[in-house]
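Below are the chains, spelled out letter by letter.
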Amino acid sequence: MVESRVPYSGIPHVEPEPVRTPDDVAEMVRLHRLGLGAKAIARQLGCARNTVKRYLAQGGWARPARARRATRLEGLEAWVRERFYQHRGNADVVRQDLAREHGVVVSLRTVERAVAAHRQALRAEARATVRFETAPGEQLQVDFGVRTVEIAGCRARRYFFVATLGYSRRCHVRVFGHERQQVWFDGLESAFRAFGGVPATVLLDNARALVVHHNPVTREVTFHPRLVAFAKHWGFRPIACAPYRARTKGKDERGVGYVKRNALAGHRFATDSALEAHLAAWTRDIADVRVHGTTGEPPAVRFARDEAARLAPLADRPTFQPLREWTRRVQADCTIELHRNWYSVPWALIGETVRVYVAGGHLRVEHGATVVAEHTLITHGTRVRRIDPTHLTGISVRRQPGVPAPPPAADPPALLRPLAEYAAAVGEGSLTPPLAPTPTLTDHEWAA
């Protein structure tokens, strides 16, 4: 049997030095402090003298460094980080940009590993909030909240406009049936009149009805032209909160949540008018008089003492909303129809043509030069009837087939004499006129 041998290369084979444990290295350091040299320590621990010198030089044990391999993203670390922040943490969009701009095709997992260190920083940046306080009369924060409430036994979706003064935390709440531009302006005008003045700035949400464009990087804002005209009319400066950062207007965000959890929790309402009256009473009796958790004072007290005088006076400014006008014919049920809702007018005007004027959330009906009816404009839903009972006073109700007759009138007082006695006294016949025969009505005549 011939034994194969590896030819000798002249270089002696040296076994690699085994990696020392943290306990071994701690023992090296201890012996060195006791005065032993590297050679003596190596002899005692059974390792090479250079190994002892290396651990003593680095001051203790350290995990062996692994050989670093070059990656496909070598040299693009700064570019990847910039794009990761630009795309708000979307690693897949970064991967697409890599392939399109640099021709580097990698998997999504490769990009996710490259941006792992930046993801936590992005989360922290999104959550970071700097609390700031505004001077009296400086800022009003406004927003809408949506809640489903029970009205007349049915669940209905309603939009709650909440305006909160930044200094005093006094709030104003209105309810609407939608969130279009008109009701934003109605809510703001209502808040100005409730507070008795106009603040210097109004912090708004980035709603489409108000903000045409808002660049999240440069923070350039383009407001809707009607909002610009509205702000000029009332004398305030509009400010849009940062996109995707609702906490920028945190005082009002907390106010919207407070309305949902406190004012509406567990309540049912017979009508929308009852809901509006409940919110007005809740604002006056609860929200404005409670001790606020941040300021430590009731909002009404803080407002009256420091903020009321700092608001710009209204100066009898008219509403910004234009006066709108319609012509309507009064229907048989004593109402006129406007925007799929009905408003009552005096019954004597049935069939007449009237003029309808709407401005500032109020509706006025005129016949000729006379104002015959006034109503609050319905802004929550359609097919709603707003009836003033005084408009129906004096109307006669005809009995329909199958409807029981009304109860008979009460007997005349005992002091009244029958007409027959008066007829006998004057020597004439009965004074009671003969009854005409009752005509028989057909079903068609009843329906008419």
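Everything below is about the structure printed above this text.
Residues numbered from 1 in each chain as written. Predicted model: local features only at pLDDT ≥ 70, side-chain atom pairs only at ≥ 80, totals over all residues. Heavy atoms only, no water.

1. Remarks on the environment of Ala274
Piece 1. Among the secondary structure elements, Ala274 is positioned in helix H11 (residues 272–287).
Piece 2. Among the residues examined, Ala274 registers a relative accessible area of 30% and is labelled partly exposed.
Piece 3. For the pair Ala274 and Ile151, spaced 123 residues apart in the sequence, the C-alpha separation amounts to 9.1 Å. (Helix = DSSP H or I, 4+ residues; strand = E, 2+ residues; numbered from the N terminus. Buried < 20%, exposed > 50% of the residue type's maximum accessible area, 1.4 Å probe, protein only.)

2. Re the sheet that holds strand E9 (residues 324–329)
Piece 1. Pairing within the open sheet is antiparallel, and its 4 strands lie in the order E9-E12-E13-E14. Edge positions in the open sheet fall to E9 and strand E14 (370–376), since each of these has one partner strand only. The average undirected angle you get between the axes of adjacent strands in this sheet is 25°.
Piece 2. Relative to strand E13 (residues 362–367), strand E12 (residues 353–359) is paired through 5 bridges, and the arrangement is antiparallel. (Pairing = 2+ DSSP bridges. Axes fitted to C-alpha atoms, helices over the stretch in contact; angles between N-to-C directions.)

3. Focus on the nonpolar core
Piece 1. Leu140, Val142, Trp184 and Phe192 are the most contacted members of the largest nonpolar core, which totals 32 residues.
Piece 2. Put simply, the parts of the chain that give this core at least two residues each are strand E1 (139–151), strand E2 (154–165), helix H8 (181–195), strand E4 (201–204) and helix H9 (225–234).
Piece 3. The residues touching Trp184, leaving out its near neighbours within four places in the chain, are Val142, Asp143, Phe144, Phe161, Glu179, Asp205, Ala207, Ala209 and Leu210.
Piece 4. Judged by nonpolar contacts, the second largest core, of 18 residues, contains Cys171, Val173, Tyr258 and Trp282. (Core = buried A, V, L, I, M, F, W, Y, C linked by side-chain atoms within 4.5 Å. Contact = heavy atoms within 4.5 Å.)

4. Some points on the packing of helix H2 (residues 38–45) against helix H3 (residues 49–58)
Angle between the axes and distance between the axes are the two parameters that describe a pair of packed helices.
Piece 1. In the contact formed by H2 and H3, the axes pass within 8 Å of each other and the chain directions differ by 115°. In terms of orientation, H2 lies roughly perpendicular with respect to H3. The chirality of how H2 crosses H3 is right-handed. Between H2 and H3, the contacting residues are Ala38, Lys39, Ile41 and Ala42 on the first element and Arg49, Val52 and Lys53 on the second.
Piece 2. Its residues assigned to classes, the contact of H2 with H3 comprises 4 nonpolar, no polar and 3 charged. (Parallel < 35°, antiparallel > 145°, perpendicular 65-115°, else oblique. Left-handed = near helix turned anticlockwise from the far one by under 90°. Nonpolar A, V, L, I, M, F, W, Y, C, P; charged D, E, K, R; others polar.)

5. Overview of a positive patch on the surface
Piece 1. Residues Lys39, Arg43, Arg49 and Lys53 make up a contiguous surface patch of positive charge.
Piece 2. Within the residue set of the positive patch, elements represented by two or more residues are H2 and H3.
Piece 3. If you trace the backbone, Lys53 turns up in helix H3. (Patch = residues over 30% accessible without salt bridge, like charges linked within 9 Å, V, L, I, M, F, W, Y side chains within 5 Å. Areas by Shrake-Rupley, 256 points an atom, 1.4 Å probe, with all protein chains shown as cover. Salt bridge = Lys/Arg side-chain N within 4 Å of Asp/Glu carboxyl O. Lys, Arg positive; Asp, Glu negative; His and termini not counted. Charge placed at Lys NZ, Arg CZ, Asp CG, Glu CD.)

6. Some words on the pattern of salt bridges
As a working rule, side chains carrying opposite charge can pair if their charged atoms are close by.
Piece 1. Applying the stated criterion to the full structure yields 17 salt bridges.
Piece 2. The partner of Arg100 in a salt bridge is Asp97, with the nearest N and O atoms 2.3 Å apart. Here Asp97 and Arg100 lie together in helix H5 (residues 91–102), a separation of 3 residues that amounts to about one turn.
Piece 3. Residue Asp97 is classed as buried on the basis of its relative accessible area of 4%.
Piece 4. With a shortest N-O distance of 2.8 Å, Arg364 and Glu366 are connected by a salt bridge.
Piece 5. A relative accessible area of 15% places Glu366 in the buried class.

7. Describing H9
Piece 1. Three or more residues of H9 are buried, namely Leu227, Phe230, Ala231 and Trp234. Down the axis of H9, the smallest arc covering the buried residues is 95°, so these residues share one side. For H9, the exposed residues lying more than 90 degrees away from the buried face are Pro225 and Lys232.
Piece 2. Those residues of H9 hidden inside the fold are in contact with H8, E4, strand E6 (221–223) and strand E7 (237–240).
Piece 3. Remark: Gly235 follows H9 within two positions and exhibits a positive phi of approximately 80°. (Arc of directions from axis to C-beta.)

8. Points about H3
Piece 1. Regarding H3, the residues found buried are Thr51, Val52 and Tyr55. The buried residues of H3 occupy an angular sector of 100° when the element is viewed end-on, so they sit on one face. Along H3, exposed side chains directed more than 90 degrees from the buried face belong to Asn50 and Ala57.
Piece 2. Elements in contact with the buried residues of H3: helix H1 (22–33) and H2.
Piece 3. Looking at the residues trailing H3, positive phi occurs at Gly59, about 80°.

Geometry only, nothing functional implied.
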